[in-house]
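Structural features, examined
Each chain, written out:
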Amino acid sequence: AECVSGCVCPEGLFDDGKGGCVEEKDCPCIHNNQWYSPGQKIAVDCNTCTCQKGLWSCTEDVCYGTCMIYGSGHYITFDGKFYDFDGSCEYVATQDFCGDKNSSGSFSIITENVPCGTTGVTCSKAIKMFLGKTELKLENKDYKEIQRDTGDDVRYWNRTVGLYLVIEASNGVMLIWDKKTTVFIKLTPDYKGKVCGLCGNFDDKSNNDFTTRSGLQETNALKFGNSWKQSSMCPDITQEIKPCDVKPHRKSWAEKECSIIRSEVFKICHSKVDPIPFYEACVHDACSCDSGGDCECFCSAVAAYAQECTKAQACVFWRTPDIC
């Protein structure tokens with residue numbers, strides 16, 4: 001073949017991506033657009049990955065599952081399904097009392113949703129956590145404990161981490177609350193496939209997360225959500241609320257503010273966590289919070305995306321004196 005101009009590594013050596021030539025054992029690895037040297041380790045969820053000969057080799061531990069409820073009715077299930085449900089009632093977020101009536105479970109977490117703003121969307125106002133015979137009620141930035149007569153003894157600890165109140169129980173359930181409208185529920189892998197509620201069933205498949213209280217598979221988020229209400233006195237939600245259609249004058253402000261999620265600021269995260277559903281949720285919330293607290297709603301929505309980015313090892317410093 002005829003000669004071609006250019007730079008080539010000598011035989012047996014490899015291009016290291018930075019203009020040098022190295023042996024195979026010294027090949028670097030790439031993650032999130034950054035280069036790592038051989039032997040360097042990174043954490044991905046609860047696993048550790050080591051760079052070896054240009055490829056990542058990862059441990060295969062089973063990790064905690066996380067469900068997130070935030071803003072005005074946004075849910076991300078344990079298996080990663082993203083959906084919206086705006087009901088004003090008490091709903092089962094997750095519990096292990098599933099299936100047959102007389103199965104005994106060890107915990108249940110209830111979210112109480114109330115209207116926020118005038119468009120009809122709802123936010124989580126209070127959370128009730130039932131651990132054996134202990135009931136914890138979290139609202140107004142604080143929590144109180146109520147002892148009931150029946151049930152097992154489940155120990156729990158609480159601590160404050162940054163903005164969050166963390167409650168960790170001996171049965172492998174953890175609740176993280178920002179004292180406003182965001183709550184994370186973490187479960188140990190022992191609960192895989194054994195829970196039910198608005199957070200889904202934690203069986204690593206997102207397509208069956210809409211399982212109703214009666215065990216039916218549903219495709220519609222509203223019918224699924226309605227089935228998990230605690231009281232039959234609450235009305236069913238029959239239509240999805242679109243606050244930007246109700247308050248069109250807020251729409252352009254909402255889109256402008258929320259565009260930070262799709263901007264350069266979060267660029268390193270875009271390839272890891274799809275920004276679109278978070279952007280749409282942000283616009284929805286920024287339109288709907290029209291009775292004070294509109295900045296809080298916007299900030300919670302951006303923080304939710306930043307949190308998912310952090311989980312995916314893309315740390316973003318987005319808060320400034322002007323923004324949140």
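Rules used throughout
- Residues numbered from 1 in each chain as written.
- Predicted model: local features only at pLDDT ≥ 70, side-chain atom pairs only at ≥ 80, totals over all residues.
- Heavy atoms only, no water.
- Helix = DSSP H or I, 4+ residues; strand = E, 2+ residues; numbered from the N terminus.
- Contact = heavy atoms within 4.5 Å.
- Areas by Shrake-Rupley, 256 points an atom, 1.4 Å probe, with all protein chains shown as cover.
- Lys, Arg positive; Asp, Glu negative; His and termini not counted.
- Charge placed at Lys NZ, Arg CZ, Asp CG, Glu CD.
- Salt bridge = Lys/Arg side-chain N within 4 Å of Asp/Glu carboxyl O.
- Buried < 20%, exposed > 50% of the residue type's maximum accessible area, 1.4 Å probe, protein only.
- Disulfide = S-S within 2.5 Å.

The name an unreviewed UniProt entry assigns to the protein is MUC2 protein, from the organism Haliaeetus albicilla.

Turning our eyes to something else, we now look at the overall build of the protein. For the protein, the count of helices and strands is six helices and 19 strands. Principal axes of the C-alpha set define a box for the protein whose edges measure 80 × 50 × 40 Å. Intrachain contacts of the protein at a sequence separation of at least 6 include 48% that bridge at least 24 residues. Entry remark: accessible area of the protein is about 17,100 Å², with carbon and sulfur atoms responsible for 50%. Looking at charge distribution, the protein has the averaged site of its 34 positive side-chain charges lying 4 Å from that of its 45 negative ones.

Inspection of every chain in the model, using the stated rule, returns 11 salt bridges. In this structure, Lys 128 and Glu 90 form a salt bridge, with 2.8 Å as the shortest nitrogen-oxygen distance. Here Lys 128 is found in strand β13 (residues 122-131), whereas its partner Glu 90 is found in strand β11 (residues 90-95), with 38 residues between them in sequence. Since its relative accessible area comes to 18%, Lys 128 is described here as buried. Between Glu 168 and Arg 159 there is a salt bridge, with its nearest N and O atoms 2.9 Å apart. Looking at Arg 159, the relative accessible area reads 39%, which means it is partly exposed.

The next thing to look at is the state of the cysteines. Under the defined criterion, the tally for this structure stands at 12 disulfides. The partner cysteine of Cys 258 in its disulfide is Cys 282, sulfur to sulfur 2.0 Å. Where Cys 258 bonds to Cys 282 through sulfur, the torsion about that S-S bond is close to -80°, and the disulfide is left-handed. With Cys 258 in helix α3 (residues 248-258) and Cys 282 in helix α5 (residues 275-288), this residue pair connects regions lying 24 residues apart in the sequence. There is no split in this pair, since Cys 258 and Cys 282 are both buried.

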